[in-house]
Structures are given as structure tokens and as C-alpha cells.
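# Breakdown of the fold
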Amino acid sequence: KAGRIGGAALDVVETEPLTAEAGAKFAGIPNLVLTPHIAGVTEESNVRVSQVVAEKVMAELEGTA
């Protein structure tokens, strides 16, 4: 806010998802970019997680878990 930093980008905040109340402290900072914390959300990771979940459910249903 004091203009000593050229710019900042944040993808992790204390409260996620960012609430309007928590986000208010970032209002009016033109050199700040906020993005959601989704670095690990890729097509590959979604496929992998879906497969693991399906395998765990099948194992439970088959009684092998």
C-alpha cells in the first residue's frame, strides 16, 4: 500500500476460499494479484485422484480394503 514494492502475486491466504471480509484487506492495492491456490490441480492429477478413489471404493465394496 505504501508503494515500496513493485508488485506481488499471492496464491495462498490464511482463509481459503477467500471470504469477502478477509479479502477486504487486499482492496485498493493495484500492484497485487490474487489467484486461487490450485497449483496441483491439473488434468493429470485429476485423473490420478479419480482412479485412486475408484480403486479404494471398489476395494471397500469387495471387502479387500
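First, a word on what this report is: a plain description of the structure on this page. For every chain, the first residue of the written sequence is number 1, and numbering continues from 1 onward in sequence order. Per-residue local features of the predicted model are confined to residues with pLDDT of at least 70, and side-chain atom pairs are confined, for both listing and counting, to 80 or more; whole-chain, interface and lining totals are unaffected and use all residues. Side-chain metrics rest on all non-hydrogen atoms present in the structure, leaving aside hydrogens and water.

## Some remarks on the overall build of the protein chain
The helix and strand tally for the protein chain stands at two helices and two strands. Along the protein chain, from the amino end to the carboxyl end, the secondary structure elements read β-α-β-α. Computation of the radius of gyration draws on C-alpha atoms alone. For the globule rule, the value is 2.2 Å times the number of residues to the power 0.38. Computed over the C-alpha atoms, the radius of gyration of the protein chain is 20 Å, more than 25% above the 11 Å expected from 2.2 N^0.38 for a compact globule of 65 residues. Along the longest, intermediate and shortest principal axes, the C-alpha atoms of the protein chain span 60 × 25 × 15 Å. Strands are runs of DSSP state E lasting at least two residues, helices are runs of H or I lasting at least four, and both sets are numbered from the N terminus onward.

## Considering helix H2 (residues 43-62)
In this scheme, a helix's expected span is set at 1.5 Å multiplied by one less than its residue total. Between the first and last C-alpha of H2 there are 29 Å, a value that for 20 residues agrees with the 28 Å anticipated at 1.5 Å per step. Two residues or fewer after H2 comes Gly63, characterised by a positive phi angle close to 75 degrees.

It is worth stressing that arrangement in space is one thing and function is another; only the former is reported here.
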